[in-house]
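Descriptive structure summary
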Amino acid sequence: MGAIVGGMYAQHPDARDVERKVVELLQSKSFLRIGLEAFAPEGAPDGIGTVEKLYGRVRRGYGILRSAWSPGIVQAPILLAFLRRLLDDRSIGQCTIPFAAVCCDLMDGSEVVCTKGPILTAVAASAAIPGVVSPVKIDGRSLVDGGPTSMVPVDAARRLSSLPVLAVNVTRGVRGTRKVTNAIDVVLRAGAIARMQLTEYNLRDADVVLRPRVDSFGWADFSSFRRIVAEGERSARAMILSIRDLTKRG
């Protein structure tokens, strides 16, 4: 979602307009038919709700054929169709604000930072959550969300501009979560710990870090969009003095 919102704002720097377009899409019948809300967490603030939900659906038989024979529940062309409702079909170089989409090469594990070419395919690749959205092909490479290499793309931002970097951490922690009772819990929790540690490593070079309280939300909790936006605004206000200091340095 970060690449989508970032790309929209980079093309048209108007936060209210970005919010309006996103809400219109999330409330559209075509988006609701996909059923991604099924991946919203049910009281699982440990960062493993997505995989756990997917596993549970496969065990119950829902979408098992698609999961077994397709690289994603949502195919890349469907994602691109939705993105065309949010983004102008232009090149990244035409953005009003410098923009980069961070992806991961699924075959060799390398990080791919898209700073040129069509913004639609670059954003689609950066938004292709493994197992949920099928990989996006760019220059013969199978690209997915950049999370496996950069949970927060601070390094990419550093390379993009000499300006100070403000990062936003929305990775959920693992403390105080439910008990580990079986082998699947162990594997999922280990993955959540790895993501948390990678996030903190990525954040080490950020000038200011916003940490909105989003532990109770999941990436697919679209019905809570307004509440999530409000929490982001609250975290920004809490750090307003540090943010103003960044503008002076920039």
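Our subject is the structure listed above.
Residues numbered from 1 in each chain as written. Predicted model: local features only at pLDDT ≥ 70, side-chain atom pairs only at ≥ 80, totals over all residues. Heavy atoms only, no water.

Considering the nonpolar core
Within the largest apolar cluster, 41 residues are counted, with the highest numbers of intra-cluster contacts made by Leu 83, Leu 87, Phe 99, Cys 114 and Val 123. Of all the secondary-structure elements, those providing two or more residues to this core are α1 (2-11), α2 (15-26), α6 (76-83), β2 (101-105), β3 (111-114), α7 (119-126), β4 (131-133) and β5 (136-138). By residue number, the principal contributor to this core is α7, which donates six residues. Sequence-distant contacts of Phe 99, defined by excluding residues within four places in its chain, comprise Ala 3, Gly 6, Gly 7, Ala 10, Ile 92, Cys 114, Thr 115, Ile 119, Val 123 and Leu 160. (Core = buried A, V, L, I, M, F, W, Y, C linked by side-chain atoms within 4.5 Å. Buried < 20%, exposed > 50% of the residue type's maximum accessible area, 1.4 Å probe, protein only. Helix = DSSP H or I, 4+ residues; strand = E, 2+ residues; numbered from the N terminus. Contact = heavy atoms within 4.5 Å.)

What to know about the packing of α1 against α7
Two quantities define a packed helix pair, namely the angle between the helix axes and the distance between the axes. In the contact formed by α1 and α7, the axes pass within 9 Å of each other and the chain directions differ by 155 degrees. Accordingly, the angle class assigned to the pair α1 and α7 is roughly antiparallel. Facing α1, whose interface residues are Ala 3, Ile 4, Gly 7 and Gln 11, α7 presents Ile 119, Val 123 and Ser 126. Considering only residue class, the contact of α1 with α7 consists of four nonpolar, three polar and no charged. (Axes fitted to C-alpha atoms, helices over the stretch in contact; angles between N-to-C directions. Parallel < 35°, antiparallel > 145°, perpendicular 65-115°, else oblique. Nonpolar A, V, L, I, M, F, W, Y, C, P; charged D, E, K, R; others polar.)

Here we look at the pairing of strand β6 (residues 141-145)
Two elements, β2 and β6, share three bridges in a ladder whose sense is antiparallel. Looking at β6, one finds that Asp 105 is bridged to Leu 143. Inspection of the sheet shows β5 paired to β6 by three bridges, in the antiparallel sense. The partner of Ile 138 across the bridge, within β6, is Arg 141. (Pairing = 2+ DSSP bridges.)

Re helix α10 (residues 225-238)
For α10, built from 14 residues, the straight-helix expectation of 20 Å at 1.5 Å per residue is met to within 8% by its first-to-last C-alpha distance of 20 Å. Listed as buried for α10 are Phe 225, Glu 231 and Ser 235. Seen from one end, α10 has its buried residues packed into an arc of 125 degrees, which puts them on one side. Turned more than 90 degrees away from the buried face of α10, the exposed residues are Arg 226, Arg 227 and Arg 237. (Expected span 1.5 Å × (residues − 1). Arc of directions from axis to C-beta.)

Thoughts on the pattern of salt bridges
Tallying each qualifying case throughout the model produces 13 salt bridges. With a closest N to O distance of 2.5 Å, Glu 19 and Arg 226 form a salt bridge. Highlighted residues: Glu 19 in helix α2 and Arg 226 in helix α10, separated in sequence by 207 residues. Using a relative accessible area of 51% as the deciding quantity, one classes Arg 226 as exposed. The partner of Arg 159 in a salt bridge is Glu 111, and the shortest N-O contact between them spans 3.4 Å. Of the two residues, Arg 159 sits in helix α8 (residues 154-160) while Glu 111 sits in strand β3, which places them 48 residues apart along the sequence. A residue is classified by how much of its surface remains accessible, and Arg 159, at 56% relative accessible area, is exposed. For Glu 111, a relative accessible area of 29% puts it in the partly exposed group. The network of salt bridges with shared partners includes Arg 16, Glu 19, Arg 226 and Glu 233. (Salt bridge = Lys/Arg side-chain N within 4 Å of Asp/Glu carboxyl O.)

As for α7
Most of α7 is tucked away, with seven of its eight residues classed as buried. Residues of α7 that are buried: Ile 119, Leu 120, Ala 122, Val 123, Ala 124, Ala 125 and Ser 126. For α7, the elements touching its buried residues are α1, α6, β2, β3, β5 and β6.

Considerations on the packing of aromatic side chains
As enumerated under the stated definition, the model contains two aromatic pairs in all. Relative to Phe 222, the ring of Phe 31 lies with its centre 5.2 Å away and its plane at 80 degrees, an arrangement referred to as edge-to-face. Residue Phe 31 is located in helix α3 (residues 29-32), and its partner Phe 222 is located in the loop between β8 (208-210) and α10; the two are separated by 191 residues in the primary sequence. Comparing Phe 31 with Phe 222 shows no difference in burial state: the two are buried. Taken together, the ring pairs connect Phe 31, Phe 82 and Phe 222 into an aromatic cluster. A cation sits over an aromatic face here: Arg 204 above Tyr 201, 3.8 Å from the ring centre. (Phe/Tyr/Trp six-rings, centres within 6.5 Å; stacked < 30°, edge-to-face > 60°. Lys NZ or Arg CZ within 6 Å of the ring centre and 35° of its normal.)

The values are spatial; any link to function lies outside them.
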